[in-house]
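# Per-entry structural report
Below, each chain spelled out in residue letters.
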Amino acid sequence: MQQNKMTWGEALRVYTRPKVLGMFFFGISAGLPLLLVFSTLTAWLRDYGVSRTTIGFTAWIGITFSIKFIWAPIIDSLRLPYLTRLMGKRRSWILVSQLGIAFGLFSMSQLNPQLALPAVFGFGVLVAFCSASQDVVIDAYRIEAVDTEYQGAMAAMYVFGYRVALLIAGAGALFIAEYANWSIAYLSMAALMGVGIITTLMVSEPDHQKARAQGQEFQHEWVDRVLGSGKHGKISEWFVRAVACPFIDFFQRNGRFALVLLLFIGIYRVSDIAMGVMANPFYLDLGFSKDDIAQIGKLFGFVCTMIGAFLGGAMVVRFGILRPLILGAAMVAATNLLFAHLATLGPDKTWLALVISADNISAGISNSVFIAFLSSLVNQSYTATQYALFSSLMTLPGKFISGFSGIVVDAQGYESFFIMVAILGLPAVFLAFYIWWRDRDKELVADKKATG
């Protein structure tokens, strides 16, 4: 590989490029809606006296993020009337998604959950659907907007913006709700979507020629193999190319082991996601104020998450992906036991800070390592669709299980709930060990062949 002659000053100036800077604002636009239909929403509902059982079912709103791979091929290829011709296929879909999010958040801000709970849920689903769609398109935009050498900078700015948005939608919304009200909190979040809308209008549309050229030989082969040689209908050929080929490619490269990988992707974050929907109700029921939650749970938690993310990245560099993957799964499961202990102590701020630091550092490590693992599975010819599949699958089981969290808490209490969630994390640890062992065994066989 040719050595890169770029100086440190030149490398840092990459972050001043307009498209790289734009990813920071796209990160804000992508991260803002997530907590507003998840943990912040649960705090709002609990503050208005909605039962924990009902709050638990709000986790199913998040299933929308877990099935976005279903409509990802449509977004990837369908032209929007007038807008696509005016703005291009990526920017037009991003704009429509952002407008849908802003409308949904504005509508939620005008509702009282005590009087219109179904409507709150309905607009929450709209926000989640548009947000999941935006994620798909921004991923595709990021891949196509710049050359490979700048993808690291694009991803770094996007993650930074995303984390800032989580802080705004978490701690920021709680602060506004504490000192004003929930209506103003959600109205403010709807207005902040203007950051993403302005960014979409200012950036340029990527050149799609390179993306279209990738994978063409593979697609032609499978169109003929699935549909037969000769002329094909446009709909059937589109389905094979846009929908079938990304999945065929994944299974062709990994064989039957692909099923193991998909199972592992689905269960890795079950423990983390299953407890998340009950976190804010747990803090409030334990006696912590919204200020305590915002300052310790959100602001301090944000710093701990970033520390964990940097640690996870360093571990990948030092030890590879698979061993830190095992550590991350084990830490996320184990930290639930600290929550179980906190449930027996009451509103102890020192213990809350300890639990939050352990939980967020563990989450930061596991998430950064897991993203590296998912990225290693993607074929660059089908990055958008395959990554949509992986990112959807990694949250689906956890979102479904978390829907029953309120029932478990009402029946067994918080201490038993967190112990059960810790146990749910054990299969991911065992499967991570298996994947590491299989990879090590393959390396040993390869070394024997090389030296034999």
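Notes on the structure follow. From a predicted model like this one, the values you see are computed outputs, not experimental measurements.

### So, the overall build of the chain
A tally of helices and strands in the chain yields 25 helices and zero strands. For the chain, contacts bridging at least 24 residues in sequence account for 81% of all contacts bridging at least 6. When the accessible area of the chain is evaluated, it comes to approximately 20,700 Å², of which 66% is carbon and sulfur surface.

### Describing the packing of helix 11 (residues 182-192) against helix 12 (residues 194-202)
Contact geometry for helix 11 and helix 12: axes closest at 5 Å, N-to-C directions at 10 degrees. Put simply, helix 11 runs roughly parallel to helix 12. Taking contact as the criterion, the partners of Ala190, Ala191 and Leu192 in helix 11 are, on helix 12, Gly194, Val195 and Gly196. Classifying every residue of the contact of helix 11 with helix 12 gives four nonpolar, two polar and no charged.

### Some remarks on the packing of aromatic side chains
For any pair of aromatic rings, the description rests on two quantities: the centre-to-centre distance and the angle between the ring planes. Evaluated as defined, the whole model comprises 27 aromatic pairs. Both rings, one in Trp44 and one in Tyr48, keep their centres 6.4 Å apart while their planes meet at 85 degrees; by these two values the pair is edge-to-face. Owing to a relative accessible area of 1%, Trp44 belongs among the buried residues under this scheme. Both rings, one in Phe370 and one in Phe373, keep their centres 6.2 Å apart while their planes meet at 15 degrees; by these two values the pair is stacked. Residue Phe370 and its partner Phe373 are both found in helix 20 (residues 349-377); the two are separated by three residues, about one turn of the helix. Phe373 matches Phe370 in its accessibility class, with the two residues each being buried. An aromatic cluster of three or more residues is present, and its members are Phe282, Tyr283, Phe339, Tyr414, Phe417 and Phe418. Here the basic side chain of Arg438 rests over the ring of Phe257, its NZ or CZ set 3.7 Å away from the ring centre.

### Concerning the nonpolar core
One finds Leu105 and Tyr283 to be the most contacted residues of the largest nonpolar core, which totals 80 residues. Considering every element that reaches this core, the biggest residue donor is helix 9 (residues 117-145), with 11 residues. Beyond its immediate sequence surroundings of up to four residues, Tyr283 is in contact with Phe288, Ile293, Phe339, Leu352 and Ile356. Ile267, Ile326, Phe390 and Ile435 belong to the second largest nonpolar core, which has 32 residues in total.

### Some details on unusual backbone geometry
Its identity is not glycine, yet Tyr82 carries a phi of approximately 70 degrees, on the positive side. Summarising the element assignment, Tyr82 is placed in the loop between helix 6 (72-77) and helix 7 (83-87).

### Things to note about helix 11
Along helix 11, the residues that are buried comprise Trp182, Ala185, Tyr186, Met189 and Ala190. On an axial view of helix 11, the arc spanned by its buried residues comes to 135 degrees, and they lie on one face.

### A word on the packing of helix 8 (residues 89-109) against helix 12
It is at 10 Å that the axes of helix 8 and helix 12 come closest, and there the two elements cross at 165 degrees. Here helix 8 lies roughly antiparallel to helix 12, going by the angle between them. Both helix 8 and helix 12 take part in a crossing whose hand is left-handed. Across the interface between the two elements, Arg91, Ile94, Leu95, Gln98 and Leu99 from helix 8 touch Gly196, Ile197, Thr200 and Leu201 from helix 12. The residue inventory of the contact of helix 8 with helix 12, partitioned by class, reads five nonpolar, three polar and one charged.

### Structural notes on the environment of Ala169
Among the secondary structure elements, Ala169 is positioned in helix 10 (residues 151-179). Non-local contacts of Ala169, meaning those with residues more than four positions away in its chain, are made with Leu32, Leu35, Leu36, Thr40 and Met189.

So, how was this worked out
- Residues numbered from 1 in each chain as written.
- Predicted model: local features only at pLDDT ≥ 70, side-chain atom pairs only at ≥ 80, totals over all residues.
- Heavy atoms only, no water.
- Helix = DSSP H or I, 4+ residues; strand = E, 2+ residues; numbered from the N terminus.
- Contact = heavy atoms within 4.5 Å.
- Areas by Shrake-Rupley, 256 points an atom, 1.4 Å probe, with all protein chains shown as cover.
- Axes fitted to C-alpha atoms, helices over the stretch in contact; angles between N-to-C directions.
- Parallel < 35°, antiparallel > 145°, perpendicular 65-115°, else oblique.
- Nonpolar A, V, L, I, M, F, W, Y, C, P; charged D, E, K, R; others polar.
- Phe/Tyr/Trp six-rings, centres within 6.5 Å; stacked < 30°, edge-to-face > 60°.
- Buried < 20%, exposed > 50% of the residue type's maximum accessible area, 1.4 Å probe, protein only.
- Lys NZ or Arg CZ within 6 Å of the ring centre and 35° of its normal.
- Core = buried A, V, L, I, M, F, W, Y, C linked by side-chain atoms within 4.5 Å.
- Arc of directions from axis to C-beta.
- Left-handed = near helix turned anticlockwise from the far one by under 90°.

Purely geometric stuff here, so don't read any function into it on its own.
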